[in-house]
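The lines below spell out each chain.
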Amino acid sequence: MFRFIIICLVLQTMSITMVSGQSSVEKVDDYIAKATKNLSDINLLKAYTDSAAILSKKIAYPKGMAMAAKFNGIYYYFTSKHDSSLLAYRQSLELFESINDSLETAKALLNLATTYSALAAYDETTDFALRSLRYFESMQEYNGTGRALNLLGIVAYNRKDFQSALGYFKKHLKNSVTVNDSLEIASSYNNMASAYNELEQRDSAYLYFEKSLSLKENLGMIQNLGNVYQNLGGMYSDDGEFAHAREYFQKALEVYGQMGNQRNIAIVWVNLGLDYMKQNKYIEAEKAFNKSIEASLEGENAEMLKKGYESLSGLFEKQGNFASALQAFKRYHQVSDSLLNVYRINRIEELAAEYESEKKEQQIQIQEASINAQQLVIQRNSIIIFALLTVAVLLLLIVLLNKRSSKRKQKIMRQEQEIKVKEASLHAALTSQEKERKRFARDLHDGFGQLISSLKMQIDRLNDTNDLAQRASIFDASAEIITDMHKEIRNIAFDLMPAVLIQYGLVAAVKEFANRINSTEKIKVFVGAYELNDRLTELQEINLYRVIQEWINNILKYSNATAIDIQLVKHEKNLNIMIEDNGSGFNPQKLSTVNGNGWKNIQSRMQLINGSVDVDSMEGIQGTTLILEIPASKSENKTGTMAFQQNFN
């Protein structure tokens, strides 16, 4: 049975170009990150890698070019294009060495060793694996150390030194466990199982193959599942459990088919053919070997093509068909000769490349002098550019400082203007209060004082007569005077602060105020309230009432109106009050120039409750509308419930 083991695999310059290309560098890094995440999808892997390669070359980003070359190598390896893979990995190695990236240099060496192993070039595999191992060990990089040990184990395995191979695989497992790398742990299980199988320790082989399979299925790494399926198929075939063997071989074919890995497809078909030969199913075996040959030709894999023809020749010989066996054997030798010729051609090309390299070194020495001169020019230009940039930055700072100073001056002017407005409002409020005091004193003196004098005169008359009828008349007159005094004091109290406003709120107070005006029968006042079910705050109600009172008094004095309509409408977030009259219109701009304090008092009160006031009127046109708007707040003088939250553990 043919055996197979899977190998588990700024520079900154002072230039404007690099400054402007910073976002492009980040984009290259993003492409590389996406390629890393899509290793199991070779189409996406190739797309992101190509994007990274094109952009990094365009902006001269060495690390980006190195990473793109690395992922190109991975793509070609997965698609069995090993010559292209070697070329890409060598490019990545040179680039990583040029930027002194030791870790990626070690990985590039390991990737080259992995690809040489797939080509059965075990001397090259060992050389690159040992070089990478030295790098990893010097950095104490356990993951890379484990992978290099794993590859050395594969070389030992292919050279039939299974005991040494098992030792390497165990060291690989130890390093993988140290860094908790599940994928590498699964790979070490797989390779240990293969070594145990060759050492005829079947129970251990099955155990580690099952461990590897379980872990890889959980990880969803399609490129590694096929290896375990194939190895389990081979073991079951050796044990005569052909149904189980074919089941695992078919699973391996499905995985490699999804990946487009023709080399591994060819290996599986060879193993299936050998499986059929054990059962004397020669027709099925011949078909399997021919499919292996087809896959090898499609993947251009001469090593597996040799194995296909060799297996086919053995099948024909077993059947006694010596002519066909001889023909297949000739094909086998033709492929072997072509491989030797390829090796010779490659060696000639390497010697030619060395010669060209010497010539290039001489040209490089000549060019270095020219480059040094150019660098001096570049340095001088860089200094000039840097100086110009410095001047530009200084000019920009001056502009920004001037702009900031201008903004500060504007802010101070606004603050001074706001202070003037507040002082004017305060003056208006104080003047209004003084006016109210004078009016209150006048009302007490002219109205209530006269009534007290009249009452005193009536009481004095009681001392001048003993006539009962006359005394009764005096008592009746005194009672009328007391009644008038009661009315007068109620009016004065209403003007000072309506009791209904405190007890029942704004709407009730406005309606009572309207009723008092309506009782004069000189003008009709209508009041409508909508959705105003809740009380406002005391501050809002008092100031709104005073504004309404002030505005209606102005209407009564100046507008010659016969009707006033007051509408209070509560919305979700605002309260709107609209006062309309049918009197003479006027120019609202004149309000700010009048000598009285009424309008200033209105504005001051509305500012106090965060409200706005607007007047809609026009000179020569009948009718004026005052619109008040404030944020609607419920009164805080209410009882309620407190909601508590309890968390249960």
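Every value quoted in this text rests on a predicted model; they were computed, and no experiment measured them. (Residues numbered from 1 in each chain as written. Predicted model: local features only at pLDDT ≥ 70, side-chain atom pairs only at ≥ 80, totals over all residues. Heavy atoms only, no water.)

**Considering the overall build of the protein**
Put simply, the rule is: Only DSSP runs of H or I with at least four residues qualify as helices, and only runs of E with at least two residues qualify as strands; both kinds are numbered from the N terminus onward. Remark: exposure states derive from per-residue accessible area (1.4 Å probe, protein chains only) relative to the maximum for the residue type, with buried under 20%, exposed over 50%, and partly exposed in between. Computed by Shrake-Rupley with a 1.4 Å probe, the accessible areas treat only the displayed protein chains as cover when residues are assessed.
Counting its regular elements, the protein contains 22 helices and five strands. The proportion of buried residues among the 649 residues of the protein is 40%. Total accessible area computed for the protein in this model is approximately 38000 Å², and 53% of it derives from carbon and sulfur atoms.

**What about the side chain of Thr 145?**
Heads up, the condition is: Contact between two residues is taken to exist if any of their heavy atoms lie within 4.5 Å; hydrogens are not considered.
The topology assignment puts Thr 145 in helix H8 (residues 142-158). Its relative accessible area of 8% is what places Thr 145 among the buried residues. When sequence neighbours within four positions are dropped, the list of residues in contact with Thr 145 reads Leu 133, Phe 136, Glu 137 and Asn 175.

**A look at the pairing of strand S4 (residues 612-617)**
Here is the rule: Strands qualify as paired when DSSP identifies two bridges or more between them.
The pairing of S4 with strand S5 (residues 622-631) spans six bridges and is antiparallel. By the bridge assignment, Val 613 is partnered in S5 with Leu 628. Connecting S4 to the antiparallel partner S5 that follows it, the hairpin turn spans four residues, and Gly 620 within it adopts a positive phi of roughly 90°.

**Focus: the nonpolar core**
Our working definition: Here, the term nonpolar core denotes a set of buried Ala, Val, Leu, Ile, Met, Phe, Trp, Tyr and Cys residues that are joined through side-chain atoms within 4.5 Å.
Counting 97 residues, the largest nonpolar core has Leu 232 and Leu 272 as its most contacted members. No other element matches helix H14 (residues 262-278), which puts 10 residues into this core. Those residues in contact with Leu 272 that sit more than four places away from it in its chain are Arg 246, Phe 249, Gln 250, Leu 253 and Ala 288. Within the second largest apolar cluster, 37 residues are counted, among which are Leu 501, Ile 523, Leu 575 and Leu 626.

**Remarks on the packing of helix H3 (residues 42-58) against helix H4 (residues 62-78)**
Our working rule: To obtain each axis, a line is fitted to C-alpha atoms, and for helices this fit is confined to the stretch in contact; angles are then taken between N-to-C directions over 0 to 180 degrees. Angles below 35 degrees are treated as roughly parallel, those above 145 as roughly antiparallel, those between 65 and 115 as roughly perpendicular, and all remaining angles as oblique. The sense of a crossing depends on the near helix, which, turned anticlockwise from the far helix by less than a right angle, makes the crossing left-handed and, turned clockwise, makes it right-handed.
The contact between H3 and H4 brings their axes to 8 Å, and the two run at 155°. It follows that H3 is roughly antiparallel to H4 by the angle criterion. Pair H3 / H4 crosses with left-handed handedness. On H4, the residues touching Ile 42, Leu 45, Lys 46, Thr 49, Asp 50, Ala 52, Ala 53, Ser 56 and Lys 57 of H3 are Gly 64, Met 65, Ala 68, Phe 71, Asn 72, Ile 74, Tyr 75, Tyr 76 and Phe 78.

**Examining the packing of aromatic side chains**
Rules: Planes of paired rings set the category: under 30 degrees apart is stacked, over 60 is edge-to-face and the rest tilted, where pairs are Phe, Tyr or Trp rings (Trp by its six-membered ring) whose centres lie within 6.5 Å.
Summed over the entire model, instances satisfying the criterion amount to 12 aromatic pairs. Ring pairs connect the aromatic residues Tyr 206, Tyr 229, Tyr 236 and Tyr 248, which therefore count as one cluster.

**What to know about the pairing of S5**
Bridge analysis of strand S3 (residues 574-584) against S5 gives nine bridges, and the strand direction is antiparallel. Following the sheet pairing, Asp 581 is matched in S5 by Thr 624.

**Things to note about the sheet that holds S5**
Taken together, five strands build an open sheet; the order of strands is S1-S2-S3-S5-S4 and the sheet is mixed. What marks the edges here is a single partner per strand, and that holds for strand S1 (524-530) and S4. Each adjacent strand pair in this sheet contributes to an overall mean axis angle of 10°, direction not counted. Against the sheet, helix H22 (residues 598-608) touches S4 and S5, its axis set at about 140° to S4.

**Some thoughts on the packing of H14 against helix H15 (residues 282-299)**
At a closest axis distance of 8 Å, the pairing of H14 and H15 adopts a crossing angle of 165°. The angle between the axes of H14 and H15 places the two elements in the roughly antiparallel class. You can see that H14 and H15 cross each other, and the crossing is left-handed. Two secondary-structure elements touch here, H14 through Gln 262, Ile 265, Ala 266, Trp 269, Val 270, Leu 272, Gly 273, Leu 274, Tyr 276 and Met 277 and H15 through Tyr 282, Glu 284, Ala 285, Ala 288, Phe 289, Lys 291, Ser 292, Ala 295, Ser 296, Glu 298 and Gly 299.

**A look at unusual backbone geometry**
With a phi angle near 55°, Ala 60 is a residue other than glycine that sits in the positive phi range. Judged by its relative accessible area of 52%, Ala 60 falls in the exposed class. The phi dihedral of Ser 80 falls on the positive side, at around 65°, and the residue is not glycine. Position of Ser 80 relative to the elements: it lies in the loop between H4 and helix H5 (82-98). Here Ser 80 falls in the buried class, since its relative accessible area comes to 4%.

**Notes on the pattern of salt bridges**
Which entries qualify depends on this criterion: Criterion for a salt bridge: a side-chain nitrogen of Lys or Arg within 4 Å of a carboxyl oxygen of Asp or Glu.
Within the structure shown, the criterion is met by 14 salt bridges. Lys 107 is the salt-bridge partner of Glu 104, the closest N and O atoms lying 3.7 Å from each other. Taken as a pair, Glu 104 and Lys 107 lie in helix H6 (residues 102-118) at a separation of three residues, close to a single helical turn. Where Lys 590 meets Glu 619, a salt bridge forms, and the shortest distance between an N and an O atom there is 3.7 Å. With Lys 590 in the loop between S3 and H22 and Glu 619 in the loop between S4 and S5, the pair connects residues that are 29 residues apart, well separated along the chain. Using a relative accessible area of 43% as the deciding quantity, one classes Lys 590 as partly exposed.

**Brief notes about the confidence of the model for the protein**
Note the cut-off: Confidence of the predictor in every single residue is expressed as pLDDT, which spans 0 to 100.
Looking at the protein as a whole, its pLDDT mean stands at 80, while 81% of the residues score no less than 70. Between residues 2-22, whose pLDDT stays under 50, and residues either more than four places distant or in other chains, the model counts 51 contacts. Segment residues 350-355: pLDDT under 50, and zero contacts once partners within four positions in sequence are set aside and those in other chains are kept.

**With respect to helix H7 (residues 122-139)**
Under the convention used in this document: A helix is expected to reach a length of 1.5 Å times the quantity of its residues less one.
Along its 18 residues, H7 runs 26 Å from first to last C-alpha, staying within 8% of the 26 Å computed at 1.5 Å per residue. In the core, the buried residues of H7 are packed alongside H5, H6 and H8.

**What about a positive patch on the surface?**
The line we're drawing: The patches reported here contain residues having more than 30% relative accessible area and no salt bridge. Joining distances are 9 Å for like charges and 5 Å for nonpolar side chains (Val, Leu, Ile, Met, Phe, Trp, Tyr). The sign given to each residue is positive for Lys and Arg and negative for Asp and Glu; His and the chain ends receive no count. Charge positions are represented by NZ for Lys, CZ for Arg, CG for Asp and CD for Glu.
Taken together, the side chains of Arg 404, Arg 408, Lys 411 and Arg 414 define a basic patch exposed on the protein surface. Secondary-structure assignment places Arg 414 in helix H17 (residues 322-462).

**Points about H15**
Condition: Arc definition: directions from the helix axis to the C-beta atoms.
For H15, built from 18 residues, the straight-helix expectation of 26 Å at 1.5 Å per residue is met to within 8% by its first-to-last C-alpha distance of 26 Å. Of the residues making up H15, those classed as buried are Ala 285, Ala 288, Phe 289, Ser 292, Ile 293, Ala 295, Ser 296 and Gly 299. Looking down the long axis of H15, one finds its buried residues gathered within 165° of arc, a one-sided arrangement. Exposed positions of H15 whose direction lies more than 90 degrees from the buried face are Ile 283, Lys 287, Glu 294 and Glu 298.

**Re the environment of Ile 482**
Relative to the helices and strands, Ile 482 is located in helix H18 (residues 468-496). In sequence terms Ile 482 and Ser 454 are 28 residues apart; their C-alpha atoms lie 9.8 Å from each other.

**Points about the environment of Glu 480**
Looking at the secondary structure, you find Glu 480 in helix H18. Residues Glu 480 and Leu 455 lie 25 residues apart in sequence; the distance between their C-alpha atoms is 9.4 Å.

**Let's talk about the environment of Ile 74**
Looking at where Ile 74 falls in the secondary structure, it is placed in helix H4. Those residues in contact with Ile 74 that sit more than four places away from it in its chain are Leu 39, Leu 45 and Tyr 89.

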